[in-house]
Structure formats: structure tokens, C-alpha cells
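Structure assessment
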Amino acid sequence: MAHDASPTARTLLVLELIQARPGITADLLADRLGVSGRAARRYVGILREAGVPIESTRGPYGGYRVGRGLRLPPLMFNNLEALGLVMAVLAGRHGAVDAADPVESALGKIIRVLPDPVAKPAEAVRKVTARGPDPGAASPNPESTAVLVQS
């Protein structure tokens, strides 16, 4: 990240990194931001002050993750994820086969931040309704669709 980036931009990047890699450590956050570990922990503190439920675990397998809460924290979707989510809703798609799929990534972010009473049934439905490898049921690629709709 650029050294002249604002604290707000860095804080939002921290949120995006924690969402993308649950369990990320302060040292890895610091490396990605180009700041000290102390500064990375400060950005996590800013998110907590803003009401984003960031959980932390100590130890060699510890790190940060977005916790579950009563209200949905701001989610950072990239363009492909946002378009994939819209396409999934329009197509009535309930699951994805590939973990690298933008729809799967977006759906994972949403499910990770839902309160337990909602997240557990949502995850169960997601697993049960995931599409099999039926070639006739293939959905359009969000990246290709983005290029077409912008033309």
C-alpha cells in the first residue's frame, strides 16, 4: 500500500484482509500495509471502536477474524464478487462448486458475519443445495459478463 494512504483507507484494507483471510496475524497485516505490527493492531482497534466485531486469538495459530454479531459489519466486495452475487440472485443460484468462484467468496463473507442462529442453517442449506457438475447448469462467468455489460 502507498505510504501516503490515509488511515481510513488502511483501516478499510485491514477489514478486507481480515475478511479474505480469517486468522490473519498482525505481522501479516503489517507487511501488507507497509506499517509496524503496532500500527496494524491500532487499525484493528479502530475497527472495533466502529462496532465491527473483530475477534482475536493468541498463540502460534492465532490471528484476527470478523466475529458474528447482531448487526452486519460493512462488507468489502470486489467488482467480480458484487456482480457474481447479483448474477447468483437473478439466476436463483444456491451454491458454488469452486472455492475460487467470486460468488462462493462473497457468500462465504456473508455467512461468516451472520449471527450463529442464522449462519448455521444458512451454511446447511448452502451445502445441501450446492450444484453438481452439470454442464447444462453452468452460469455465465462474472468477469466476462462485466466486460459485456460495460460495452
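In case you missed it, the structure is sitting above this.
Notes on the structure follow.

Procedures and definitions
- Residues numbered from 1 in each chain as written.
- Predicted model: local features only at pLDDT ≥ 70, side-chain atom pairs only at ≥ 80, totals over all residues.
- Heavy atoms only, no water.
- Helix = DSSP H or I, 4+ residues; strand = E, 2+ residues; numbered from the N terminus.
- Buried < 20%, exposed > 50% of the residue type's maximum accessible area, 1.4 Å probe, protein only.
- Contact = heavy atoms within 4.5 Å.
- Areas by Shrake-Rupley, 256 points an atom, 1.4 Å probe, with all protein chains shown as cover.
- Arc of directions from axis to C-beta.
- Axes fitted to C-alpha atoms, helices over the stretch in contact; angles between N-to-C directions.
- Parallel < 35°, antiparallel > 145°, perpendicular 65-115°, else oblique.
- Nonpolar A, V, L, I, M, F, W, Y, C, P; charged D, E, K, R; others polar.

Moving on, we come to the overall build of the protein chain. Along the backbone of the protein chain there are seven helices and two strands. The order of α-helices and β-strands along the protein chain, N terminus first, is α-α-α-β-β-α-α-α-α. Relative to its 151 residues, the protein chain shows a buried fraction of 34%. Restricting to contacts in the protein chain with at least 6 residues of sequence separation, those with at least 24 account for 54%. Accessible area of the protein chain: about 9400 Å², with a carbon and sulfur share of 58%.

On to helix H2 (residues 26–33). The complete set of buried residues in H2 reads Ala 26, Leu 29, Ala 30 and Leu 33. Taken around the axis of H2, the buried residues stretch over an arc of 100 degrees, which confines them to a single face. Seen from the open side of H2, the exposed residues pointing more than 90 degrees away from its buried face are Asp 27 and Asp 31. Against the buried residues of H2 lie helix H1 (7–20), helix H3 (37–49) and strand E2 (63–66).

Contact geometry of H1 with H3 gives a least axis separation of 9 Å together with a crossing angle of 85 degrees. As far as their axial angle goes, H3 and H1 are roughly perpendicular. Counting all contacts with H1, which are made through Pro 7, Arg 10, Thr 11, Val 14, Leu 15 and Ile 18, the residues of H3 involved are Tyr 43, Val 44, Ile 46 and Leu 47. In terms of residue class, the contact of H1 with H3 is made up of eight nonpolar, one polar and one charged.

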